[in-house]
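Here is what each chain is made of, one letter per residue.
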Amino acid sequence: MALLDRAAQRLLERLHLKVRPRAASGEAGGHRSEARAHGLEFAERREYVTGDDARKIDWQAFARNRTLSVRTFEEERDARVFVLVDVSASMSRGTPPKLEVARQIAASFGFLGMNQVDRAQVIPFADTLERTTPILRRRDDYPALESFLGALAPHGATSFEATARTFLQRFPGRGYVVVVSDLMEAADWSPSLRSIAQRGNQICLVRVRCNEDHSPSFRGEVELQDAETGDVLRVTVTGALLEAYRAEIEAHVERTRDACRRVGGRLVEAPVEVPFDQLLRQVLAPALEHP
Amino acid sequence: MNFAALSPAALLGVALAATLAVVALYLLRRTPRTQVVSNVEFWRRAVERSRPRALFATRVPWLALLVSLLIALSLVGEMGDPRVGSGFSGTTVLVLAADRTMTTRDDHGRRRLDEALALARATVLADTVSGQVAIVRAGLRPEVLVPLTHRAADADRALVGIEPDDGTADLSAAVAVARGIVHGAHTTGRVVVVADRDDFARVADPQVSVVFAPVGTPAETIAVTAFDARRDPLALGEYHVRCEVRSYSTRRARAHLVIRDRDTILSEERVTPGPGEVTVHRARGFSSAQAELSARLDDIDIEGGRDALTGDDVAYATVPPVVATRVLLVTRGNRYLANALAANPAVDLEIVDEAALAARRSTLSRYQVVVLDRVAPEPPLDHPALFLFGVVGSPALRVGPELRAPRVTAFAADHRVLAGLRFDQVQVVRAHPLLPTADDRVLVRSGHDALAIARDRDGARVLALGFDTDGTDLVQRIAFPLFMHNSLVWLDRREREFHSWQPPGEPIRASGSPAVVLTPAGVGHEVRSALYDTSRAGLYHTADRAIAVSAAEEAGSLAAAEGPRDVHRSARPGQTPVALVLAAAILLLLVVEWLFTLRGRLQ
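Computed from a predicted model, the values in this text were never measured in an experiment.

A. Geometry of the overall build of chain A. Check the secondary structure of chain A and you find nine helices and eight strands. A total of 291 residues make up chain A; the buried ones form 43% of that total. Partitioning the contacts of chain A with sequence separation of at least 6, the portion at a separation of at least 24 is 78%.

Right under this line is the structure:
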């Protein structure tokens, strides 16, 4: 079964992935870039410093202000879209499984990247980066993307810190980084997000969540088994414990949301219980606008 | 403290089982099920955050177990019906009246027996706390329902399903039985008589006190107090019925009296007895077969009151079938005897002289009765029913020298032969006194001399008169045919058939072994010789006859006897039942447990 049906593809064709200039890559393309002087669209006027190209001095401004200044122009370049998909074992939980929804979301962002002649790459991760797709540029690459995503299977534990570090090493360029994950790693994600953003990447974090994670309903004597590590915790689940658990989850998510916001990104919730077409329209579409 | 419903061993067993069940359920509840989650770390933090601070709160599961155990053991204890308090500490024997008047209902429709049972239960519950109790049922015959026991449960069980007999209880006999039980226990004791009357014999006994616990309230009833029937000796097949209706009310009453022979209505009339009035009603019937009679009062209406006792509204009687008695009269000629016998329509008479008797010796078994008038055949006749007039001395029946004009000084009016007859005016001109043996019954006596005797020995009956028809004016008296009739009935052993009814409790004898007796309810009982359980009034049937068991008699006043009610009333009325208190406590504990565990206040 295709990850994106025709209706979803039509919808995605109408959407546009707006990438901030800082996040655009070094090659010319359809997105504005912070690289100046070679473009056609005026960006700003700034004071001349030694080493600037003398041809860019704005003599008219010199005549008015008696100070040397140069005119800069925005250069349009391709945006690189990196879709990091969490394939840890916890993604197998939920109904439907979180990984299934994560595949569809990853396919959507990959489709957008290809549709805008950007360079898209989908990179699965658990405790580190795994093998990645080749750079996807054209619509013709979409079937390869689907088959790549279809082959993903949940395994291992999540380590976003190691993933981010590896990602920054392997992909030093800037781009639009989409992280599709259930955020079910208790460690603080803020430093990793910050380090990714400091490289000039634009971050969109999609939290795939299920009721089992968010508001579990089981009670009584329970032996909790970690889906990723196999750790066991024996507890008596009461109403109070459930409330405390929900508070822990909410705090973790809010902390991550704040971190995203601070680095200019955003966190989007994607409940697995919501049908995908509805998810795409109501939840993901706003995320595709420029923050 | 005592447990009424369960023995200590049973209680311990149930408590152990309940404890095991609760502990098993607790362990089951505490056995965790595996639940896979995305990340355990969040749960670990949540546990750290919600960890209870109070020390006792960390022990909620144990507290829950203790609460559950407490609840379970409380329930078990309540099942055992705990009794706390003090009753009579020695031996108590309850005598519980269970006769016809105990079915009398009060204004609320409650029977006296029900009231008596409640009183008995309360006494049992109180006295088994520190003493022992036995129960005697005072029905037609005393019956020990429960021997001495310390367990109220045994006594309680015995009190279930008690139904009164249709006759009158023999309270004196029951009290005597109860007194014997107390004596046998060798402790201080008392007899508590729970009844609606106190007409039992009082015996001064320092060891046993008898306490009368009256039950019932004054009541009114209209009753059939007598119901009898007998055949007309002068009209073959006809019978006469007499029914007596009495009002035990201070008000005027109306009722509908119907007398039936099986389904045939013989009489149907309205009776309106005044307060305390007795009315007599007669009816006639015709049937050569056995009549099965019933008299029933329907639609009883007492002005401003109600008929409290329905058991006395019906009575039963039977009339024997017409069966001819074959009689052989051996005489030289006696017109008095011949005519008196021939006038009886139920007698098939044959007259022979002494000479012809020899030819009939081999066929004597054809005759039910042989009457010898001044003859002494040699050898003596071997017959089970001999009626001898003017006895001539023989080894079997010796006589004394002739008496001249002996005066009748005594006669046995209670014997069936002399029923309804008086012999004190009978003149005897001459007679030979009879010399009775020890088991002979003297019927007519003149001083020390026996003028008439009845012998019932080895299955043979002999009725002998020391005078003949020429030597007395008896034959000229109007009662002579009745005397002859009575004598034939007794000799023919048919006197029982002439009882039109028998009281409840008297056994019904049946011919054949085994024989089947059908009760009024239509239930067949196979019996060896007799059916002894005849506590229910009605018509019983054997293979060859019907027997009426009827309680029609002077019922006596239905007013409840007044007396000290010094028997412990139930410990429960007016007090909050232990079960209610326990139930409230259990409910409270459950709510507390729910608050502690489900609301997560402590864990």
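So, next bit.
B. Just the overall build of chain B, in detail. In terms of helices and strands, chain B carries ten helices and 31 strands. In chain B, which comprises 603 residues, the share counted as buried stands at 39%. By sequence separation, contacts in chain B at least 24 residues apart represent 69% of the contacts at least 6 residues apart.

C. Highlighting helix H7 (residues 335-342) of chain B. Residue and element names in this part refer to chain B. Along H7, the residues classified as buried are Leu337, Ala340 and Leu341. Down the axis of H7, the smallest arc covering the buried residues is 95°, so these residues share one side. Check the buried side of H7 and you find it contacts strand E16 (325-330), strand E17 (347-352), strand E18 (369-373) and helix H9 (480-491).

D. Spatial organisation of the interface of chain B and chain A. Contact residues are listed per partner, giving 26 residues for chain B and 29 residues for chain A. Counting only elements with at least two residues in the side of chain B that touches chain A, the list comes to helix H1 (8-30), strand E2 (33-37) and helix H2 (40-50) of chain B. At ten residues, H2 of chain B tops the list of elements feeding residues into the side of chain B that touches chain A. Classifying every residue of the side of chain B that touches chain A gives nine nonpolar, nine polar and eight charged. Pairing between strand E6 (residues 220-226) of chain A and E2 of chain B: five bridges, direction parallel. Opposite Leu224 of chain A, over in E2 of chain B, you have Gln35 of chain B as the bridge partner.

E. Structural view of the nonpolar core. Counting residues in each nonpolar core, the largest one holds 60 residues, and the members touching the most others are Val83, Leu84, Ala106, Val178, Val180 and Val206 of chain A. It is helix H3 (residues 98-115) of chain A that contributes the most residues to this core, ten residues altogether. Not counting chain neighbours up to four residues away, the residues in contact with Val180 of chain A comprise Val83, Leu84, Val85, Asp86, Ala102, Ile105, Ala106, Val206 and Val208 of chain A. Formed by 48 residues, the second largest nonpolar core is a distinct cluster that contains Val391, Val417, Leu465 and Val475 of chain B.

F. Representation of the sheet that holds strand E21 (residues 410-411) of chain B within the structure. Residue and element names in this part refer to chain B. Across the sheet, which stays open at both edges, the eight strands sit in the order E17-E16-E18-E19-E25-E24-E23-E21 with mixed pairing between neighbours. Looking at strand neighbours, the two that pair on one side only are E17 and E21, the edges of this open sheet. Where strand E23 (residues 441-446) lies against strand E24 (residues 449-457), five bridges are found, and the strand directions are antiparallel. Looking at E24, one finds that Arg445 is bridged to Ala450. Where H9 meets the sheet, its contacts fall on E16, E17, E18, strand E19 (385-389) and strand E25 (460-465), and the angle it forms with E25 comes to roughly 155°.

G. Broad picture of unusual backbone geometry. Of note, the bond from Thr95 of chain A into Pro96 of chain A is cis; its omega dihedral lies within 30 degrees of zero at -5°. Among the secondary structure elements, Pro96 of chain A is positioned in the loop between strand E2 (69-86) and H3. Glu378 of chain B connects to Pro379 of chain B through a cis peptide bond whose omega is -5°. With respect to the element layout, Pro379 of chain B can be found in the loop between E18 and E19. If you check the backbone angles, Leu183 of chain A has positive phi at about 60° while not being a glycine. Positionally, Leu183 of chain A belongs in the loop between strand E4 (176-181) and helix H6 (190-198). Owing to 26 C-beta atoms within 10 Å, Leu183 of chain A belongs among the buried residues under this scheme.

H. Geometry of the confidence of the model for chain B. Residues and elements named next belong to chain B. In this model, chain B carries an average pLDDT of 84, and 90% of its residues clear a pLDDT of 70 or more. Looking across chain B, the model is least confident in strand E1 (residues 2-3), with a mean pLDDT of 68, and most confident in E23, with 94. Note on residues 559-575: pLDDT under 50 across the span, and 35 contacts to partners over four residues away in sequence or across chains. Interface scoring of the predicted complex returns ipTM 0.82; its pTM is 0.48.

I. Quick peek at the confidence of the model for chain A. Residues at a pLDDT of 70 or more form 85% of chain A, whose mean pLDDT is 84. Confidence over residues 32-40 of chain A falls short of pLDDT 50; this stretch has 29 contacts with residues more than four positions distant or in other chains.

J. Representation of the sheet that holds strand E7 (residues 232-237) of chain A within the structure. With mixed pairing, three strands are arranged side by side in an open sheet as E7(A)-E6(A)-E2(B). Only two strands of the sheet have a single neighbouring strand rather than two, namely E7 of chain A together with E2 of chain B. Averaged over all pairs of adjacent strands, the angle between strand axes in this sheet comes to 35°, irrespective of strand direction. Pairing geometry for E6 of chain A and E7 of chain A, over six bridges, is antiparallel. When the bridges of E7 of chain A are listed, Gln225 of chain A appears paired with Val232 of chain A.

K. Representation of the pairing of strand E30 (residues 538-541) of chain B in the model. Residues and elements named next belong to chain B. The sheet contact formed by E30 and strand E31 (residues 546-549) spans four bridges and is antiparallel. Bridging from a neighbouring strand, Gly538 pairs with Val549 of E31. Here E30 hands over to E31 after four residues, the two strands then running antiparallel side by side.

L. Spatial organisation of the environment of Gly276 of chain B. Here Gly276 of chain B shows up in the loop between strand E12 (264-271) and strand E13 (278-286). With 54 residues separating them in the primary sequence, Gly276 of chain B and Ile222 of chain B have C-alpha atoms 9.4 Å apart.

M. Structural detail: H3 of chain A. For H3 of chain A, spanning 18 residues, the distance from its first C-alpha to its last is 25 Å, which sits close to the expected 26 Å at 1.5 Å a residue. Taken across its 18 residues, H3 of chain A has 16 buried, putting it largely inside the fold.

N. Structural view of the environment of Tyr336 of chain B. Residues and elements named next belong to chain B. With respect to the element layout, Tyr336 can be found in helix H7. In this structure Tyr336 comes out as partly exposed when scored by C-beta crowding, with 18 C-beta atoms within 10 Å. Beyond its immediate chain neighbours, meaning those up to four positions away, Tyr336 contacts Thr469 and Val475.

O. Representation of the packing of helix H5 (residues 160-170) of chain A against H6 of chain A in the model. All names here are of chain A. It is the contact of H5 with H6, at a shortest axis distance of 9 Å, that shows an interaxial angle of 15°. For the element pair H5 / H6, the angle class is roughly parallel. Relative to H6, H5 is oriented so that their crossing is left-handed. Contacts between H5 and H6 involve Phe160, Glu161, Ala164, Phe167 and Leu168 on the former and, on the latter, Ser192, Ser195 and Ile196. When grouped by side-chain class, the residues that make up the contact of H5 with H6 number five nonpolar, two polar and one charged.

P. Representation of the packing of H3 of chain A against helix H4 (residues 142-150) of chain A. Residue and element names in this part refer to chain A. Interhelical geometry of H3 versus H4 gives an angle of 160° and a closest axis separation of 10 Å. Of the possible angle classes, the one that applies to H3 and H4 is roughly antiparallel. In terms of crossing hand, the pair formed by H3 and H4 is right-handed. Listed contacts from H4 to Arg103, Ala106, Ala107, Gly110, Phe111 and Met114 of H3 are Tyr142, Leu145, Glu146 and Leu149.

The rules behind these values
- What you see as residue numbers is a count from 1 along each chain, following the sequence as written.
- Both sets of labels track the order of writing: A upward for chains, 1 upward for ligands.
- In keeping with the model being predicted, local features are shown solely for residues with a pLDDT of at least 70 and side-chain atom pairs are shown and tallied solely at 80 or more, while totals for entire chains, interfaces and linings include all residues.
- We count a stretch as a helix when DSSP gives it H or I for four or more residues in a row; a strand needs E for two or more, and each element gets its number in order from the N terminus.
- Exposed residues have 12 or fewer other C-beta atoms within 10 Å of their own C-beta, buried residues have 20 or more, and partly exposed residues fall in between, where C-beta atoms are placed from the backbone.
- Remark: residues whose backbone-derived C-beta atoms lie within 7 Å of one another are considered to be in contact.
- Arc, as used here, means the arc of the directions from the helix axis to the C-beta atoms.
- Basically, the charged four are Asp, Glu, Lys and Arg, the nonpolar ten are Ala, Val, Leu, Ile, Met, Phe, Trp, Tyr, Cys and Pro, and anything else, Gly included, counts as polar.
- When DSSP finds two or more bridges between two strands, those strands count as paired.
- Joined through C-beta atoms within 7 Å, a set of buried Ala, Val, Leu, Ile, Met, Phe, Trp, Tyr and Cys residues constitutes a nonpolar core.
- Whenever a helix is involved, its axis is fitted only over the stretch in contact; in every case the axis is a line through C-alpha atoms, and angles between N-to-C directions fall within 0 to 180 degrees.
- On a range of 0 to 100, pLDDT expresses the predictor's confidence in each residue.
- An expected span of 1.5 Å times one less than the residue number is assigned to each helix.
- Angles are sorted into four bins: roughly parallel if under 35 degrees, roughly antiparallel if over 145, roughly perpendicular if 65 to 115, and oblique for all others.
- Throughout, a crossing is termed right-handed when the near helix is turned clockwise from the far one, and left-handed when it is turned anticlockwise from it by less than a right angle.

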